[in-house]
Amino acid sequence: MKQFNKLYFQLALLAAVFILLAILINNLTINLSRAGLEFSFSWLYRPASFALAEHPLPYSPSDSYAWALFMGWLNSLKVIIVSLFLATCIGVFMGLARTSNNTILNFTSAIYITIIRQTPLLLQLMFWYFVAFLGLRDNTFTPLKGILSISNQGIELLGLNLSSEFSALLFGLSVFAGAYIAEVVRGGILSVSTGQWEAFRSLGLPESSGLYKIIIPQALPAIIPGLTSQYLNLAKNSTLAIAVGYSDIYAVNDTVINQTGRAVESFIILLVSFLILNLIITNGMEIINRMTLNTNKYQ
Amino acid sequence: MPNKIIKSGLKLLENNIRDLFSNLLSLILRLCIISAIGLTFFYIFQWLAITANWKVVSSNVPLFAFGSFPSDQRWRPSLWIISLLFLSIFTLIGPNRKWLRRILPFAWISTIPIGIYLLSGGLGLLPVASRDWGGLSLTILLTGCSFLLSLPLGILLALGRQSKLLVIKHLSSLYIDSMRAVPLIAVLFFGQLLIPLFLPLGVEVDRVWRAVLAFTLFVSAYISEDIRGGLQAIPNTQIEAAETLGLNQFQITFFVLIPQALRIALPALANQAIGLFQNTSLMAILGLVELLGVGRSLLANPEFIGRYIEVYIWLASVYWLFCTFMAILARHIEQRMAIDKPNLVP
Amino acid sequence: MDHIAVRTKKLSKSYTQGLYALDDISIQVDHGKVLVVMGPSGSGKSTLIRTFNGLEPFDEGEVNVLGIQIDSTYDERKIRKIRKRVGMVFQQFNLFPHLSILENITLAPIQVQKRRPIEAEEHAMHLLSQMGIATHSSKYPSQLSGGEQQRVAIARALALKPELLLFDEPTSALDPERVNEVLDVMRRLAKQGMTMVVVTHEVAFAKEVADQVLFMDAGKVIETSTPDLFFSNAQHERSRRFLNQIEKK
């Protein structure tokens, strides 16, 4: 009797969810047809007729909307991958600094973490773009002649040109994610029992080699899951590119919606492209995870 | 024999000199770093005090606080913010009477409807349309409303994901996982542009409430995972003890599981609230004039053009102050719970 | 039939194939009597008493508690009925850490038995003063010692006015000097005629209070006898070895 009740209850719930969805979709089709925008994806093949400042592959305004969206997706991928790398470097360094006995390093890292974590990312991105890059006006910094020069046009590194929009987003995202990664690294190192520190010290190992040979290998299993979720956050946060005028997938989507009014279809495209980005990151981290587990045979 | 003494004496001297040099080197290095930090602070201070032009902030404080709220009605949001401030101070250092402590959560919850009433008016107060809400008061309203609505939804989703009923379990998981895979700005965009499309003709929801709805949908997925973590941390023996006493499933959930899960999840929930407070700034690029939105609109004003650094530093300080204050408040509450109950797992 | 509080018939439970947690157990406890269950760890004694209130499902046989019969099909309604009339005290106390002592005790009377809060609180205070810990009523479990927590747990079980009390190693998690304050409470309950099934290693307590001693090993009942006979002249080699080990401690 009771089993039947549970079954009926679940079926009723499922039916209720479907009915709700049906009502919403019905409303949607009515609203869309009133606006003359029946659900379809055929507009994707029409020429986009807007320019993109950055495109990793050849693109011109006469190319299709689909191609423009793909350029946006590639731009997202580009900034995410470079930021992942930079953020990891910053985060590991700051995380180690936060656990070190050196007062100055520890203090600097603590200040960095509190400032970055307690202010909105959007504000930080605007700061990087409008103050750090556009604020240079006509000045050009060349710390290393012929190798690195920084101006309001962006960064030139060994002939590689990074636009100011890309650079601002890159630094903003990396510095922001770095603060969170630093906390993950710190948590991982603190999760290794103090007995392990005492053990390698009593064996006469110096601090640095004890840290790299004894502590970090044991901290890695605790660090990697936190790192994965920070990487996913970074990917999601990269959509704030629109605030600094970098044409990532969200910004291109926004332009497309403004031009075509195809909000629903574009939204679906946005979700799918994010799904793919997420899959790439989680699978990549899964491979790294397996590699570290393989090197840690003691588990 | 004397040779030996001289040798060992020399060795001692050598050691001392080497120590002296390495000490000297590290001393010099340390002095360099400290003076570099000192110099940085000096320049920052010099810029803050002399070079910077704070007129953009000082002449616009009411705008930062209330947006374009009618100037003769500004006492309403002021009253609300001040009472919130008093309540927080009372929570931090107020007397530790048991009945006072019991009503504190209800006092906190009631600040939200009171805030909505003070902002929107009606019932004796002059009505103010939501497009005139703005600044810090809108930021706090967005945060408070969204979090208050997310909490029960998050608890339900967490329980749903733990449920033995497969339909409920999979529906909850689907919702939580897909919400967590999507960037917040996409959800907010959905709230602003797409929600009106899903509503029947003639039904309209104000854009502030659409934003609250979108934030709630987003944050509740994250909150539910924190609460699920809390639920999983409760030892199974607690459920056994409750079953032995004859409590039914609902009673066990309500009296034994949820209160303990909330306590365990408290630090994570506080982080969600702080994150939400910061993330309300995204509404600045989606058409609401909250704290960051005020800054943006001021920077577009020809009178203050180019005053980026002043505005951004000012906004960062306000955000930093509020977030740090929230963190302190949360740690305080957590610690007081810990005084009553040092270990949750007996 | 009326005088029987607990009876099991051919009760069996296996964890994996061929490995029995309970192996063909048939026992009987009369109303007003105290049964002490002894045995080495892993012998299935906790599993046995946990089947009495449905915390542990089993594979074969049947259990009759206070006239309610349960078998291997897990009938929630019957088990709820049993739990309303049977109290249990755990090794790890299992108090609710987020509730005060008084709230721990009154939760079930108010929510399950729908008694008036004032009445439930009066009853709880009465029980606490019997246990000698009435002054702690507004404290939280973690502020109490183990012995005090276990007495609260007994009061919590008694608050439902149970007809049968199950004790699962109630003194094993306590400091040695705290053991007697809990055993004293249990002795008094036995004197008042409470039906009890107690899993314990306390020989002195068993000698004094038990009407019947049950010795288990590897899921089987090795022997059942009176405490006098069991502790002076145990019939089985395994029982004697076990008693020797306990005395050495």
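Each chain has its residues counted from 1, following the order in which its sequence is written. The naming scheme follows written order: chains are lettered A onward, ligands numbered 1 onward. Note on the predicted model: pLDDT of at least 70 is required for a residue's local features to be given, and 80 or more for side-chain atom pairs to be given and counted; whole-chain, interface and lining totals, by contrast, use all residues.

**Q** What am I meant to see in the overall build of chain B here?
**A** What counts as a helix is a DSSP run of H or I of at least four residues, what counts as a strand is a run of E of at least two, and both are numbered from the N terminus. Counting secondary structure elements, chain B contains 13 helices and 0 strands. Ordered by position in the sequence, the α and β elements of chain B form the string α-α-α-α-α-α-α-α-α-α-α-α-α. Relative to a compact globule of 346 residues, whose C-alpha radius of gyration would be 20 Å, chain B shows 28 Å and is clearly more extended. In terms of overall dimensions, chain B has a C-alpha envelope of 105 × 70 × 45 Å along the principal axes. Of all 346 residues assigned to chain B, the portion counted as buried reaches 34%. Within chain B, contacts between residues at least 6 apart in sequence are counted, and of these 77% link residues at least 24 apart. Two things to know: the radius of gyration comes from C-alpha atoms, and the globule rule equals 2.2 Å times the number of residues to the power 0.38. In this scheme the burial state of a residue depends on its C-beta neighbours within 10 Å: 20 or more other such atoms mean buried, 12 or fewer mean exposed, and anything in between means partly exposed; the C-beta positions come from the backbone. Contact between two residues is assigned whenever their backbone-derived C-beta positions fall within 7 Å.

**Q** Where do I start with the overall build of chain A in this structure?
**A** Regarding its fold elements, chain A presents 9 helices and 4 strands. For chain A, the sequential pattern of α-helices and β-strands runs α-α-α-α-β-β-β-β-α-α-α-α-α. Against the 2.2 N^0.38 benchmark of 19 Å for 299 residues, chain A shows a C-alpha radius of gyration of 25 Å, more extended than a compact globule. Seen along its three principal axes, the alpha-carbon backbone of chain A occupies a region of about 75 × 75 × 35 Å. Of all 299 residues assigned to chain A, the portion counted as buried reaches 33%. Partitioning the contacts of chain A with sequence separation of at least 6, the portion at a separation of at least 24 is 63%.

**Q** What am I meant to see in the domain arrangement of chain A here?
**A** Frequently, the measure chosen for interface size is the accessible area removed from exposure when the parts meet. Note: domain ranges come from an automatic or database domain assignment. Here chain A is described as being made up of domain 1 (1-36) and domain 2 (60-295). Centre-to-centre, using C-alpha coordinates, domain 1 of chain A lies 41 Å away from domain 2 of chain A.

**Q** Honestly, the interface of chain C and chain B in this entry has me stumped. Any pointers?
**A** Taken together, the contacts link 22 residues of chain C with 21 residues of chain B. For the side of chain C that touches chain B, the elements supplying multiple residues, two or more each, are helix H2 (76-85) and helix H3 (101-111) of chain C.

**Q** Sorry, what's going on with the interface of chain A and chain B here?
**A** Across the contact, 37 residues belong to chain A and 34 residues belong to chain B. The greatest single-element share of the side of chain A that touches chain B, amounting to 11 residues, is contributed by helix H1 (residues 2-34) of chain A.

**Q** Mind showing me how you'd approach the domain arrangement of chain B here?
**A** For chain B, the domain assignment lists domain 1 (1-51) and domain 2 (60-340). Of note, the centres of domain 1 of chain B and domain 2 of chain B, computed from C-alpha atoms alone, are 51 Å apart.

**Q** Any chance you could explain the environment of Pro225(A) here in plain terms?
**A** Residues and elements named next belong to chain A. Among the structural elements, proline 225 can be located in helix H7 (residues 207-237). In this structure proline 225 comes out as partly exposed when scored by C-beta crowding, with 13 C-beta atoms within 10 Å. Proline 225 sits 13 residues away from serine 238 along the chain, and the two C-alpha atoms are 20 Å apart.

**Q** What's the story with the nonpolar core in this structure? I'm lost.
**A** Leu122(A), Leu125(A), Leu169(A), Val37(C), Ala155(C) and Val197(C) are the most contacted members of the largest nonpolar core, which totals 207 residues. The leading source of residues in this core is helix H5 (residues 164-191) of chain A, at 16 residues. Those residues in contact with Ala155(C) that sit more than four places away from it in its chain are Ile105(C), Ala124(C), Leu127(C), Leu128(C) and Met131(C). To count as a nonpolar core, a set of buried Ala, Val, Leu, Ile, Met, Phe, Trp, Tyr and Cys residues must be joined through C-beta atoms within 7 Å.

**Q** Explain the pairing of strand E4 (residues 160-163) of chain A to me, please; I cannot follow it from the model alone.
**A** Every regular strand shows the same layout, with side chains that alternate between the two sheet faces. Residues and elements named next belong to chain A. Across 4 bridges, the pairing between strand E3 (residues 154-157) and E4 is antiparallel. Note on E4: the bridge partner recorded for glutamate 156 is asparagine 161. A pair of strands counts as paired when DSSP detects no fewer than two bridges linking them. Connecting E3 to the next strand, E4, in antiparallel fashion are 2 residues, including leucine 158 with a positive phi near 50°.

**Q** What should I look at first to understand the sheet that holds strand E10 (residues 212-217) of chain C in this one?
**A** Sheet strands line up and pair through hydrogen bonds in the backbone, either parallel or antiparallel. Residue and element names in this part refer to chain C. With mixed pairing, the 6 strands of this open sheet are ordered in space as E7-E8-E9-E4-E10-E11. Both outer strands of the open sheet, strand E7 (86-89) and strand E11 (220-225), are each paired with one neighbouring strand and no more. On average, each strand axis in the sheet is tilted by 15° relative to the strand beside it, whichever way the strands run. Pairing geometry for strand E4 (residues 34-38) and strand E9 (residues 195-199), over 4 bridges, is parallel. Looking at the pairing, valine 36 lines up with valine 198 of E9. Convention adopted: a line fitted to C-alpha atoms gives each axis, helices being fitted over their contacting stretch, and angles between N-to-C directions are expressed from 0 to 180 degrees.

**Q** Would you explain unusual backbone geometry in this entry?
**A** A negative phi holds for most residues other than glycine; trans holds for most peptide bonds. Phi at Leu123(B) is positive, roughly 50°, even though this residue is not glycine. Relative to the helices and strands, Leu123(B) resides in the loop between helix H5 (98-120) and helix H6 (135-162). Accessibility expressed as a C-beta count within 10 Å gives 7 for Leu123(B), which makes it exposed. The backbone of Asp24(C) sits at a positive phi, close to 55°, despite the residue not being glycine. Structurally, Asp24(C) is set in strand E2 (residues 19-25). The class for Asp24(C) is partly exposed, based on 15 C-beta atoms found within 10 Å.

**Q** Would you explain the confidence of the model for chain B in this entry?
**A** For residues with low pLDDT, the predicted coordinates do not support detailed interpretation. Residues and elements named next belong to chain B. One number per residue, pLDDT, summarises how confident the predictor is, and it ranges from 0 to 100. Here chain B averages 87 in pLDDT, and 97% of its residues register 70 or above. Contacts for the low-pLDDT stretch residues 341-346, under 50 throughout, to residues beyond four places or in other chains number 17 contacts. ipTM for the predicted complex: 0.88, alongside a pTM of 0.87.

**Q** How should the pairing of strand E1 (residues 4-16) of chain C be read in this particular structure?
**A** Residues and elements named next belong to chain C. The pairing of E1 with strand E3 (residues 28-30) spans 3 bridges and is antiparallel. Each bridged residue has a counterpart across the sheet, and for arginine 7 the counterpart in E3 is glutamine 28. Bridge count between E1 and strand E5 (residues 60-65): 5 bridges; the pairing is antiparallel. What sits directly across from threonine 8, in E5, is valine 63. The pairing of E1 with E2 spans 4 bridges and is classified as antiparallel. Note on E2: the bridge partner recorded for lysine 13 is leucine 22. In sequence, E1 turns back onto E2 through a hairpin of 2 residues, with glycine 18 there showing a positive phi of about 85°.

**Q** What exactly am I supposed to notice about the packing of H6(B) against helix H9 (residues 207-233) of chain B here?
**A** All names here are of chain B. Running from N to C, H6 and H9 cross one another at 45°; their axes reach a closest spacing of 6 Å. Compared by their axis directions, H6 and H9 come out oblique. Our pair here, H6 against H9, has a crossing hand that is right-handed. Partitioned by chemical class, the residues of the contact of H6 with H9 number 17 nonpolar, 7 polar and 2 charged. When describing relative orientation, an angle under 35 degrees is termed roughly parallel and one over 145 degrees roughly antiparallel, while 65 to 115 degrees is termed roughly perpendicular and anything else oblique. Crossing handedness is defined as follows: a turn of the near helix away from the far one that is anticlockwise and smaller than a right angle gives a left-handed crossing, while the clockwise case is right-handed. Three classes are used, and their members are as follows: Ala, Val, Leu, Ile, Met, Phe, Trp, Tyr, Cys and Pro are nonpolar, Asp, Glu, Lys and Arg are charged, and the others, Gly among them, are polar.

**Q** Sorry if this is basic, but what is going on with the arrangement of the chains here?
**A** The structure contains 2 pairs of chains in contact, of which chains A and B account for the largest number of contacts. Where chain A comes nearest to chain C, the C-alpha atoms are still 10 Å apart, and the two do not contact one another.

**Q** Which parts of the structure should I look at to understand the environment of Trp99(B)?
**A** Mapped onto the elements of the fold, Trp99(B) is located in helix H5. As a C-alpha pair, Trp99(B) and Gly287(B) span 188 residues in sequence and 44 Å in three-dimensional space.

**Q** Even after reading the chapter, I still don't get H9(B), so can you show me in this structure?
**A** Each turn of an α-helix holds 3.6 residues, which means side chains three or four residues apart point in the same direction. All names here are of chain B. Between its first and last C-alpha atoms H9 spans 39 Å; for 27 residues at 1.5 Å apiece the expected length is 39 Å, and the two agree. At serine 220, H9 shows its largest bend, some 25°. Along H9, 20 of the 27 residues are buried, which leaves the element largely enclosed by surrounding structure. One less than the residue count of a helix, multiplied by 1.5 Å, gives the span that helix is expected to have. What is called the bend at a residue is the angle between a pair of axes, fitted to the seven residues leading up to and ending at it and to the seven starting from it.

**Q** Where do I start with the sheet that holds strand E2 (residues 148-151) of chain A in this structure?
**A** Residue and element names in this part refer to chain A. Strands sit in the order E1-E2-E3-E4 across an open sheet of 4 strands; the sheet is antiparallel. Each having just a single partner strand, strand E1 (141-144) and E4 make up the two edges of the open sheet. Averaged over neighbouring strand pairs, the angle between their axes works out to 15° when direction is ignored. Pairing of E2 with E3 involves 4 bridges; the strand directions are antiparallel. If you follow leucine 148 over to E3, its bridge partner there is leucine 157. Contacting E3 and E4, H5 runs over the sheet at an angle of about 75° to E4.

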